[in-house]
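Structural overview
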Amino acid sequence: VAKLIGPKPLAGQRVLITAGGTVERIDPVRYITNDSSGKMGFAIAEAARDRGAEVTLVCGRTEATPPHGVNVIRTDSALRMRDEVMSRLDGTDVVIKAAAVADYRPASRADQKIKKTSDLLTLELVRNPDILQEVGEWKEARGGGPFVVGFAAETTDVEKHALDKLARKKCDLIVANNVAEAGAGFGAETNIVSVYGRGGFAEHLPQMTKRAVAERLLDIVRDARKGSSE
Ligand code: CTP
Ligand code: CA
């Protein structure tokens, strides 16, 4: 009841969330994407909205419909998503990067539909910028900025890879999930995650709905931000 009548804990806070998979065009009718449904990012957006935050949701291709009451920015490619995220960092308090950003994109996009002329077709791919890492570098260059939460989608050695990403991308928290596990990751209604932070923070959550994961994640973010401002 206190939650309903009391002041909203995230009132006045700007939260930027990315969700869904990016779409990397090959030609006018074909593209490369991934299995991300966008549901985890949407659940976080809803939870932050209900806590009173001003939420901006930068989303790529998604299966679900984005929640009401949030500012939805539609993007397609990783390059576009990067621009939409970077141009909004100033004045943002928390960034949560749940999007599944394609690591590579076609080296060139054909203007016309590619014809089947040979038995073997090689598609050349080039590496996309790492948006999360750029956010970390932007913060470092400015000597401050939003609290940054990254995700790590893994199928093996989850903890090792997640801790590596936490350090390499200079995030404040990393939410790791084993996307090969039943009841976790892409498309599922539930998720099983571990959250890692600076200074050895680790919390392993049981299988929960994505909304419950979102609520717990926002609690962890709140506590970590309190800790870093003390
Ligand atoms: N990410 C990003 N830009 C990219 C790739 C990933 O911002 N070009 C972000 C994702 O949104 C996620 C985090 O980085 O928050 C981790 O993504 P993940 O795919 O797990 O890690 P990668 O660093 O891409 O490493 P790999 O795919 O090789 O495991
Ligand atoms: Ca990746």
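What this report covers is the structure whose coordinates are included nearby. Not measured: the values here are computed from a predicted model.

1. Some words on the overall build of the protein chain
Helix and strand counts for the protein chain come out as six helices and 14 strands. Since a compact globule built from 230 residues should have a radius of gyration of about 17 Å, the 18 Å found for the protein chain is in line with a globular shape. Projected onto its principal axes, the C-alpha coordinates of the protein chain cover approximately 65 × 35 × 35 Å. Across the 230 residues in the protein chain, those meeting the buried criterion constitute 45%.

2. Some points on a nonpolar patch on the surface
A surface patch of nonpolar side chains, about 270 Å² in accessible area, is lined by Y104, L123 and L125. Inspection of the secondary structure assignment puts L125 in strand β8 (residues 125-127).

3. Topic: helix α5 (residues 158-168)
Burial in α5 covers these residues: A162, K165 and L166. Buried residues of α5, seen end-on, are gathered within an arc of 105 degrees and therefore sit on one face of the element. Facing away from the buried side of α5 by over 90 degrees, the exposed positions are K160 and A167. Buried residues belonging to α5 abut β9 (147-154), β10 (173-178) and β12 (193-197). Count one or two residues on from α5 and you reach K170, which has phi positive near 55 degrees.

4. Remarks on the side chain of D219
Relative to the helices and strands, D219 is located in helix α6 (residues 210-229). D219 gets classed as buried once you look at its relative accessible area, which sits at 18%. Side chain to side chain, D219 and R51 meet in a polar contact 2.9 Å long.

5. Brief notes about unusual backbone geometry
Positive phi is not limited to glycine here, since D157 has a value of about 40 degrees. With respect to the helices and strands, D157 occurs in the loop between β9 and α5. Although it is not a glycine, K170 sits at a positive phi angle of roughly 55 degrees. Mapped onto the elements of the fold, K170 is located in the loop between α5 and β10.

Calculation rules
Residues numbered from 1 in each chain as written. Chains lettered and ligands numbered in written order. Predicted model: local features only at pLDDT ≥ 70, side-chain atom pairs only at ≥ 80, totals over all residues. Heavy atoms only, no water. Helix = DSSP H or I, 4+ residues; strand = E, 2+ residues; numbered from the N terminus. Rg over C-alpha atoms; globule rule 2.2 N^0.38 Å. Buried < 20%, exposed > 50% of the residue type's maximum accessible area, 1.4 Å probe, protein only. Patch = residues over 30% accessible without salt bridge, like charges linked within 9 Å, V, L, I, M, F, W, Y side chains within 5 Å. Areas by Shrake-Rupley, 256 points an atom, 1.4 Å probe, with all protein chains shown as cover. Salt bridge = Lys/Arg side-chain N within 4 Å of Asp/Glu carboxyl O. Arc of directions from axis to C-beta. Contact = heavy atoms within 4.5 Å. Polar contact = N/O pair within 3.5 Å; in protein donor to acceptor, adjacent residues only side chain to side chain.

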